[in-house]
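Fold and geometry: a report
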Amino acid sequence: MDVAVVGAGGVIGRQVAIALVAEGLLGPEDRLQLVGRRDGASGSLLHGLAHDLRDAWAEAAPELDLAFAPEEVLADVVVLCAGATITGRPGEARSRAALAAANLPVAEAVARAVAANGHGGELLLVVTNPVEPLVAACCRHLDRRRVLGMGAFLDTMRFRHEVAAELGVRRQLVSGLVLGEHGFGMVPCWSTVAVHGFVGDDGRSRLAGLRRGGGAAGELLPRIEAALAAEGAAAAYRLVEGLDAGLRTMLRPWVTQLCGARTPCGTAETILRLLRTVLGGGQVVAAAQVLLAGEFLGLHGVTGAPVVFSAAGIDRIVPVALDADEEARVRAGVFTA
Amino acid sequence: MSTSWRCRIETVQGDRPGQLARLGRIFAARGVSIDEASAAMRDGRPRIELTFRCGEPLCRWLERRLRRSPEVAAVAIAPAAEPPLTP
């Protein structure tokens, strides 16, 4: 299997590339293509990264190929990590529109190149933000069943972890979805949450108790960012810890992003979790940003929806019943180009 | 639509154990079965010749993919019905 990481010189892309090799997902019979820009820092860095990967994993490493233009992208699975991000530096543009303006060109270029040069069966996983406009842009060139935004998948894994941590159980025992927009408009769907063993009145009561609310993320954000600026990351995380699991899902990664750590480990591990199943021939049942044509809630546009997918792409949308508020918020967050 | 193709690959170095198998896996991983294969020295150069069957988009992808292999010096693919190849 050939996997291309576009933006392999960046923080997230590099972690994804390293994890693919370190965790043995790609071995000597596979190929990992590291994609960067010849005129950027990656023009040099990717050569070094390739040598470092071979140095570390030698005989276990896949064939390593370097590419420096979208036209050179050649793989069965393309992971798009390239582009600008929000770092928390003073004065930087933080709007979704500004991020989209910065990152749409690379997404379009990659999708156009894969459409022109590919074999037609490629899977494109969009990690770069903002996920929804980029998925929409890629679907202008590629079969929409083969383009998935990773935002809702990441959010869902984080939500399940937050619920599991609060109950003191393993994440694997928790089911539940985060749908809608990848951003502060995300919708942790409590109506979909179930935890193995938490059945009956007592179990349902404990699960209901997790749902404490506490305000909208947008309202809490200024206080958390003020704490981060004035007292540091530990103080900001303490504020986040006091919120319910749904809000922690939105705000903990934001603190991680702004404190400078970014989220390479969490993002890479989640991608790997998905690829481990897909590359092994299995199916994944989760949430992802997809271009809908009425299959979920009658929506047309890009949003996080419950899907079943494999290496062949999206197999189907899973019909999930949401409560009225969740449904309204998912509807409100649909991206239409 | 599936067409029969003839592929000639000149490798960077001849006589490397497993080379034919490694290049064959590029086809196998995309569901392409190789109908005929041979590996020999021709005019003092190591050469692999294959025939296989697939649609044209996949064939062109395989050609691009082979060109990016570090073991491949040159590759030429043409419909099997056409005259012999020169990489």
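Cut-offs applied
Residues numbered from 1 in each chain as written. Chains lettered and ligands numbered in written order. Predicted model: local features only at pLDDT ≥ 70, side-chain atom pairs only at ≥ 80, totals over all residues. Heavy atoms only, no water. Helix = DSSP H or I, 4+ residues; strand = E, 2+ residues; numbered from the N terminus. Rg over C-alpha atoms; globule rule 2.2 N^0.38 Å. Buried < 20%, exposed > 50% of the residue type's maximum accessible area, 1.4 Å probe, protein only. Contact = heavy atoms within 4.5 Å. Areas by Shrake-Rupley, 256 points an atom, 1.4 Å probe, with all protein chains shown as cover. Pairing = 2+ DSSP bridges. Axes fitted to C-alpha atoms, helices over the stretch in contact; angles between N-to-C directions. pLDDT = per-residue confidence, 0-100. Core = buried A, V, L, I, M, F, W, Y, C linked by side-chain atoms within 4.5 Å. Domains from an automatic or database assignment. Buried area = accessible area lost by both parts, 1.4 Å probe. Salt bridge = Lys/Arg side-chain N within 4 Å of Asp/Glu carboxyl O. Nonpolar A, V, L, I, M, F, W, Y, C, P; charged D, E, K, R; others polar. Phe/Tyr/Trp six-rings, centres within 6.5 Å; stacked < 30°, edge-to-face > 60°.

**Brief notes about the overall build of chain A**
Helix and strand counts for chain A stand at 11 helices and 11 strands. Computed over the C-alpha atoms, the radius of gyration of chain A is 20 Å, within 12% of the 20 Å expected from 2.2 N^0.38 for a compact globule of 337 residues. Seen through its principal axes, chain A has C-alpha atoms that stretch 55 × 45 × 40 Å. When each of the 337 residues of chain A is scored for burial, the buried share is 54%. Considering only intrachain contacts with a sequence separation of at least 6, the fraction spanning at least 24 residues in chain A is 69%. In the structure as shown, chain A presents an accessible area of about 13,700 Å², 53% of it carried by carbon and sulfur atoms.

**Examining unusual backbone geometry**
All names here are of chain A. Looking along the chain, the bond that leaves Asn129 and enters Pro130 is cis, with omega of -5°. As for its placement among the helices and strands, Pro130 is situated in the loop between strand E5 (123-126) and helix H4 (131-139). Phi is positive for Ala58, close to 40°, though the residue is something other than glycine. Tracing the backbone shows Ala58 in the loop between helix H2 (42-57) and strand E3 (63-67).

**Considering the sheet that holds strand E4 (residues 72-79) of chain B**
Residue and element names in this part refer to chain B. The 4 strands are arranged E2-E3-E1-E4 in an open sheet whose pairing can be described as antiparallel. Strand pairing shows two members of the sheet lacking a second neighbour, strand E2 (34-42) and E4, which therefore form its edges. With direction set aside, neighbouring strand axes in the sheet form an average angle of 15°. In terms of strand pairing, E2 meets strand E3 (residues 45-54) through 8 bridges, oriented antiparallel.

**Details of the confidence of the model for chain B**
Looking at chain B as a whole, the pLDDT averages 88, with 92% of positions reaching at least 70. When mean pLDDT is taken per element in chain B, helix H2 (residues 56-67) of chain B scores highest with 94 and E2 of chain B scores lowest with 89.

**Details of the nonpolar core**
All names here are of chain A. Counting 58 residues, the largest nonpolar core has Leu20, Leu32, Leu34, Leu125, Leu148, Leu274 and Val290 as its most contacted members. Structurally, this core is a two-domain feature, drawing no fewer than three residues from each of domain 1 (2-151) and domain 2 (152-337). When residues no more than four places from it in sequence are discounted, the contact partners of Leu125 are Val77, Val78, Val79, Leu80, Leu148, Met150, Leu274 and Leu275. Counting 30 residues, the second largest nonpolar core, distinct from the first, contains Leu167, Leu228, Val255 and Leu258.

**Quick look at the environment of Gly313 of chain A**
Residues and elements named next belong to chain A. Note on placement: Gly313 falls in strand E11 (residues 313-317). Residues Gly313 and Val278, spaced 35 residues apart in sequence, show a C-alpha to C-alpha distance of 9.4 Å. If sequence neighbours within four positions are ignored, Gly313 has contacts with Leu123, Arg145, Arg146 and Val308.

**Some points on the interface of chain B and chain A**
Taken residue by residue, the interface counts 10 residues in chain B and 18 residues in chain A. Roughly 1,100 Å² is buried in total at the junction of chain B and chain A, and carbon and sulfur atoms are behind 47% of that figure. It is Trp61, Arg65 and Arg68 of chain B that lose the most area in chain B upon contact with chain A, and together they represent 54% of the buried surface on that side. The residue Asp2 of chain A makes a salt bridge to Arg65 of chain B at a minimum N-O spacing of 2.6 Å. For the side of chain B that touches chain A, the leading source of residues is H2 of chain B, giving 5 residues. Broken down by class, the residue content of the side of chain B that touches chain A amounts to 4 nonpolar, 1 polar and 5 charged.

**Structural notes on the environment of Ser38 of chain B**
Residue and element names in this part refer to chain B. Considering the arrangement of structural elements, one finds Ser38 in strand E2. Judged by relative accessible area, which is 31%, Ser38 ranks as partly exposed. The spacing of Ser38 and Leu58 is 20 residues in sequence and 22 Å in space, taken between C-alpha atoms.

**As for the packing of aromatic side chains**
Applying the stated criterion across every chain, the model contains 3 aromatic pairs over all chains. Here Phe184 of chain A and Trp254 of chain A contribute two aromatic rings whose centre-to-centre distance is 5.2 Å and whose plane-to-plane angle is 80°, an arrangement assigned as edge-to-face. Residue Phe184 of chain A is located in the loop between strand E7 (174-180) and strand E8 (186-195), and its partner Trp254 of chain A is located in helix H9 (residues 245-258); the two are separated by 70 residues in the primary sequence. Residue Trp254 of chain A is classed as buried on the basis of its relative accessible area, which comes to 16%. Seen in terms of ring centroids, Phe27 of chain B and Phe52 of chain B are 4.9 Å apart; in terms of plane orientation they differ by 65°. Their pairing is edge-to-face. One end of the pair, Phe27 of chain B, is in helix H1 (residues 19-28); the other, Phe52 of chain B, is in strand E3, and 25 residues separate them in sequence. Judged by relative accessible area, which is 0%, Phe27 of chain B ranks as buried. Of the residues examined, Phe52 of chain B reaches a relative accessible area of 0% and is grouped as buried.

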